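Observations on chain architecture
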Amino acid sequence: MSRVRSNEQTKEHLHKVVAEMYDKMVKGEAPTMTLPVRTKNNITFDSKLGVYKYGKRKSVRDATSLGSAKQLLRALHVVEFIEDMIDSGKSSTLREMYYISEGWGYGKFGSQNDSNNLAEDLEVITKCMREDFKLRPEEDGSRIIGNLTINELNRRGEWMRINARDDVGDSGYGVPYNVESEKLELLEHDIDFIMAIETGGMFDRLIENGFDEDYRCGLVHLKGQPARSTRRIIKRMSEEWDLPVVVFTDADPWSFRIFASIAFGAIKTAHISEYLATPSATYLGVTSDDILAYDLPSDELSKQDIQALESQKSDPRFTDGWWREQIEMMLEIGKKSEQQSLAKYGLDFVTDTYLPEKLGELGLA
Amino acid sequence: MGIADDLASKQKQASISEFFEKNKHFLGFDTLQRSLITAIKEGVDNSLDACEEARILPTIRVEVKKVDSKRDIIEIVIVDNGPGIPRDSIEKVFGQLLFGSRFHAIRQSRGQQGIGITGVVMYNQLTTGGTTNVVSKIASESMAVSMDIGLDTKRNKAKKSNESRVLWNEDEDEQASGLKVTARLKAKYQKGRQSVWQYLRMTSIVNPHADITFIDPDGEVSHWPRVTERLPRKVDSIKPHPRGIELGQLRRMLEITKQPSLSSFLRFEFSGVSTRAAKEMCEVAELAESPKIHLHKRKPSGIKKEEIRSLVEVFQGQKGFIKGYRGSKEKHTYVEGAKKPGMPGEKVSDLMHKTIMSELTGKGIDDAIAYVKNHTDFYWEESIQELEEKILSKVGEGPWDENQTDLVSKYMRREWDPRVTFQEVKLLNPPTDCLSPIEEMLIKKGLSKAIDSRFVSTITRSPNVSHGNPFQIEVGLIFGKGMPADSHVEVLRFANRVPLMYQQGGCLLTKAIEEVSWKQYGLEQPGGKGLPKGPAAVLVHLASTNVQFTSEAKEALADNEVVFEEAKKAMQEMGRNLKKHLAKRKKLEKTREKFELINDILPAIAEKSAGILERPIPDLSKSITSIMSAVIAECDTTWNKETKNTDVEIRIFNYTSRSRAYSILAKWPEKEGATLENNEVGGRKEVTGVWTWKLPTLEPGQQYKITYSLGGLEKGDWTETEIFYRGSGDIIGAMEMDEKLVKQIRDQEKAESEPVVNEENETSQEVEHSEPASPPKEKGQMTLTGGDF
Ligand SMILES: Nc1ncnc2c1ncn2[C@@H]1O[C@H](COP(=O)(O)OP(=O)(O)O)[C@@H](O)[C@H]1O
Ligand SMILES: [Mg+2]
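What this report covers is the structure whose coordinates are included nearby. None of the values given here were measured: they were computed from a predicted structure.

Brief notes about the overall build of chain B
- Assigned secondary structure in chain B consists of 21 helices and 27 strands.
- For chain B, the proportion of its 789 residues judged to be buried stands at 51%.
- When the accessible area of chain B is evaluated, it comes to approximately 36,900 Å², of which 48% is carbon and sulfur surface.

Below is the structure:
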């Protein structure tokens, strides 16, 4: 399953980016960098892979404005930096790279967001992954609890066998940033499905109520917008163990987006959707109709919420009828609710009533 | 003149102190805070006036000390380097209300606005019981004289005490002169928008030639240095213009004049009155019950009350002539409500007949009457009725066929003359050299010294006249860093160089600012009306021989349409300048970015990419051309400390793939007396204030530099140079020359340089009073760039 490229291949791909700039200058033109458009307007469904990928639309960043010229120069610095790391067998975090760029003169980054984006740009253009670039995120991965066993290569180079129920404390198994097979193996399990949960509060509630054991499932805490490694390990568990995945989030446009990134692929990482997305994942709740059906405590939609919903109406990932309905309904009632609002009916309501009802509909309980 | 009349009459009945007590609100001594500002204002205004008169560059020090905080007793000290006051006059100046010069001459002076320095002495005495100390040094005496002045309020006379000779200053410079006033008042010191500090700061803005130091009660020193050595122009006083005269004033003038007859009185004691106008005025003013001898021959002192009133009506243009009836002139009073009463007329042309036929055939009586009203300036209602009755009885009410309309036309032409007009006695405009505007460059400097910011635009409009009073509007706008961006702009109002600090909202000048739609010029203006918001301060100065206030408090200017329009126009012009500046700044920023791109970033990209690929560094000249694909002009204007010149450098780069030929034009302050030096490229004069250089052809990638210096200017006079081009293709950083405008300016200059034919015949010089003598130049249009933004 791992798709890591060889160092030589990575360099070759990066050199192509540099050559595009160089050749333009030799021709007496402004140097350019061509990359796919990275917006919702340029993601299309790949029926072979079952996920959303970038479409054919390209944008050309050319050095005719100061801003884009600086981007090109930064890209060159990053390429050089990556080559140095490859040659010296080192790696760095994205944050470290941002600080190192302080010494790059005109190529210095304005913010870490800029440097993260540029690393992603290079991934998208070269079709390499940042692991190929020896770049690590500092975003922390998620936590897992449930009766499943993992083999992880530790810092001393030894494989460690960890059961995510018996060998961990209350905080569960911490997912490392690299979850590829050279670092992490999925050994065995005794569960029926995986449940991905948006908030820590709900994750802890389910653990305290013993939900994982009662309903034979693995619980994954997403920590908001899930990191790549979280999405990747969910995908691996789903595929390698052939387990259904359900997603349990708040009822608001941002949670819809979280689900889309797990099931369909995120817009920002659409170039590697096939490695990150789990097309079989199901949205469990909280749904728009739950807000009414369970008469949940709710908040008014904010202006940004409404904007996000409106934008999702033209997002190709939400074209299916069920999602349309959810979005329209939320706009209509003008309200959103948190997962934890279920506590209105008591601390056990979610594990005793809500989730069993929901899982029942899916034939999982 | 209101106060003067008031005081003069009231003085007789009430004791001065009673009078003062009763009227302190309009004398400026109503609150403890305001009293302090008023006292300092009286003193500083006097210092500035005296220095100006004596052609001395003023250096003024103001000190405020708290003497007794519990009882709010404050000591103020005002020291100037003016001419001083001779010993024998000190008593009068400081101890006699209304001794000042201001009520005698009509000209622009600060003094007009206050009760005078005696008011301070009086307030000092009323609130503390003490005297005011005056030290005066005149140049012709080696020692200064010091005395304490008090008032005998019953007799309106000064009481001096403790007179002695003292040294004026330590250096014992015998030539030195000056005046020092020390007074103690019940007053309160405060900071903020209505403070002594703000008053002095504003004063320093409009008096860039003054050096002002302020020491506040905490000993904190504020210093506004002199930024120009140029003294304000010496102004001549002028005779009053009839339009601005009131009844009481005319009565007094008639009493004291030495002229033998009313017509010579009018001719020589007023401005704008020709011999013929003087005679006509008398003619129109004459009443049925006037004595047999014609008014113009009578002695001024013998003119009766009703006749004086009638004369004022002529002055105001209420009485005049009706002209046009059989070519005659008939004196008449213009009754405003009865606009356009009908006039019987004589034969009107065939053309008239034709239009009447075409407009009224098939129509009826109502249309005919409407037609008459629409085509007449002036008619009597009764004669319209007469005409209507005649047509109705002879032709009927219509609709008329052609024959009937022919008849109607006949009656109309016989009974009605569309040429009839009402005319006031024609007066010339008063001269305007009695005004002393601060002038654009100096306002710029004044503003720059008080507020640290980048962009300043100032405009001095040409003088104009309202109700016989010459006036002139000046505005300034300062914009940029150092000022709060999210609050209303600061408004700095002035009348005759005196800051107006109270009643901002009710002032004509504020209203003029609010009337302008600032949004289009780049300032925020919530709701599209009112004071704009943004990092800016707006200055408005009215210079006038007769400043009209809303009340005796003299803090807000009264509404006046002509002044308002002038102020508004000035604001709009300034707004256009601001907009231009903002656009230019944006463009400059863009150009700067492009230069950074090609000078720094692109070479770095070339070097890095070549390094990574291990290939030679590519030649960038073609890439640069394709990135810039423009001709770019850069211009620096800098003050050269050593040479005391303003150095200008203009660089033109051709970053296109074709060769280019241009002429470059630059504005320079020729009218302001600058000299063009070290201009090695040569060139020629385009029009006054604009120089042209023809450049050799610029090949792709080539650049050309023009350098020159401007002499005869002071630092800060000229900080930005506008450049223009003539030739193929746009230049970023320069504007295309508007050839029409150049021609217009050239024609105007030609016209100005031709000697003015001074005709003796007065009638040919007569100007309709309501218009200014020469229409004010629309500066906004006459500048090379104005108007089109
Ligand atoms: N600081 C001064 N230096 C010289 N002369 C002064 C000074 N202050 C006042 N005077 C003289 O005294 C006159 C009276 O002053 P003031 O009572 O304030 O009336 P005004 O300012 O209206 O003339 C002035 O016109 C001027 O001649
Ligand atoms: Mg005075």
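Quick notes on helix α16 (residues 508–515) of chain B
- Every buried residue of α16 of chain B is accounted for by Leu508, Leu509, Thr510, Ala512 and Ile513 of chain B.
- Against β14 (469–479), β15 (490–495), β17 (536–544) and α17 (561–613) of chain B lie the buried residues of α16 of chain B.

Brief notes about empty space enclosed by the protein
Residue and element names in this part refer to chain A.
- If you walk through the whole model with that rule in mind, you get 4 cavities of 30 Å³ or more.
- The wall of the second largest cavity is formed by 13 residues, among which Arg130, Glu131, Tyr177, Arg228 and Ser229 lie closest to the centre.
- Here the lining of the second largest cavity takes 3 residues from helix α7 (residues 228–240), the largest share from any one element.
- In terms of residue class, the lining of the second largest cavity is made up of 5 nonpolar, 2 polar and 6 charged.
- When we break the lining of the second largest cavity down by domain, the ones giving at least three residues each are domain 1 (7–136) and domain 2 (143–361).

Topic: a negative patch on the surface
- There is a patch of like negative charges on the surface, built from Asp289, Glu325, Glu357 and Glu361 of chain A.
- Residue position: Glu361 of chain A is located in helix α13 (residues 349–362).

Details of the side chain of Ser709 of chain B
Residue and element names in this part refer to chain B.
- Tracing the backbone shows Ser709 in strand β24 (residues 703–711).
- Here Asp647 takes part through its side chain, which lies 2.9 Å from a polar atom of the side chain of Ser709.
- The residues touching Ser709, leaving out its near neighbours within four places in the chain, are Asn645, Thr646, Asp647, Thr675, Leu676, Glu677 and Asn678.

A closer look at the side chain of Ser263 of chain B
All names here are of chain B.
- Relative to the helices and strands, Ser263 is located in helix α8 (residues 262–269).
- Looking at Ser263, the relative accessible area reads 18%, which means it is buried.
- The residues touching Ser263, leaving out its near neighbours within four places in the chain, are Ala278, Cys282 and His296.

So, the interface of chain A and chain B
- With 26 residues of chain A in contact, the opposing surface of chain B contributes 24 residues.
- Together, Tyr22, Met25 and Leu66 of chain A form the three largest contributors to the area buried by chain A at its contact with chain B, with a combined 33%.
- One salt bridge connects Asp23 of chain A with Arg615 of chain B, and the closest N-O pair in it is separated by 3.7 Å.
- Taken together, the connections running from chain A to chain B amount to 6 residue pairs in polar contact (both at pLDDT 80 or more).
- Sorting the residues of the side of chain A that touches chain B by element identifies α1 (7–26) and α2 (66–88) of chain A as the ones contributing at least two each.
- Looking at the side of chain A that touches chain B, the element that brings in the most residues is α2 of chain A, giving 10 residues.
- Within the side of chain A that touches chain B, the residues separate by chemical class into 16 nonpolar, 5 polar and 5 charged.

Cut-off values and rules
- Residues numbered from 1 in each chain as written.
- Chains lettered and ligands numbered in written order.
- Predicted model: local features only at pLDDT ≥ 70, side-chain atom pairs only at ≥ 80, totals over all residues.
- Heavy atoms only, no water.
- Helix = DSSP H or I, 4+ residues; strand = E, 2+ residues; numbered from the N terminus.
- Buried < 20%, exposed > 50% of the residue type's maximum accessible area, 1.4 Å probe, protein only.
- Areas by Shrake-Rupley, 256 points an atom, 1.4 Å probe, with all protein chains shown as cover.
- Contact = heavy atoms within 4.5 Å.
- 1 Å grid on protein atoms, 1.4 Å probe; cavity = no way out; pocket = protein on both sides within 12 Å on 5 of 7 lines; lining within 4 Å.
- Points joined across faces, edges and corners; volume = space filled by probe spheres on them.
- Nonpolar A, V, L, I, M, F, W, Y, C, P; charged D, E, K, R; others polar.
- Domains from an automatic or database assignment.
- Patch = residues over 30% accessible without salt bridge, like charges linked within 9 Å, V, L, I, M, F, W, Y side chains within 5 Å.
- Salt bridge = Lys/Arg side-chain N within 4 Å of Asp/Glu carboxyl O.
- Lys, Arg positive; Asp, Glu negative; His and termini not counted.
- Charge placed at Lys NZ, Arg CZ, Asp CG, Glu CD.
- Polar contact = N/O pair within 3.5 Å; in protein donor to acceptor, adjacent residues only side chain to side chain.
- Buried area = accessible area lost by both parts, 1.4 Å probe.

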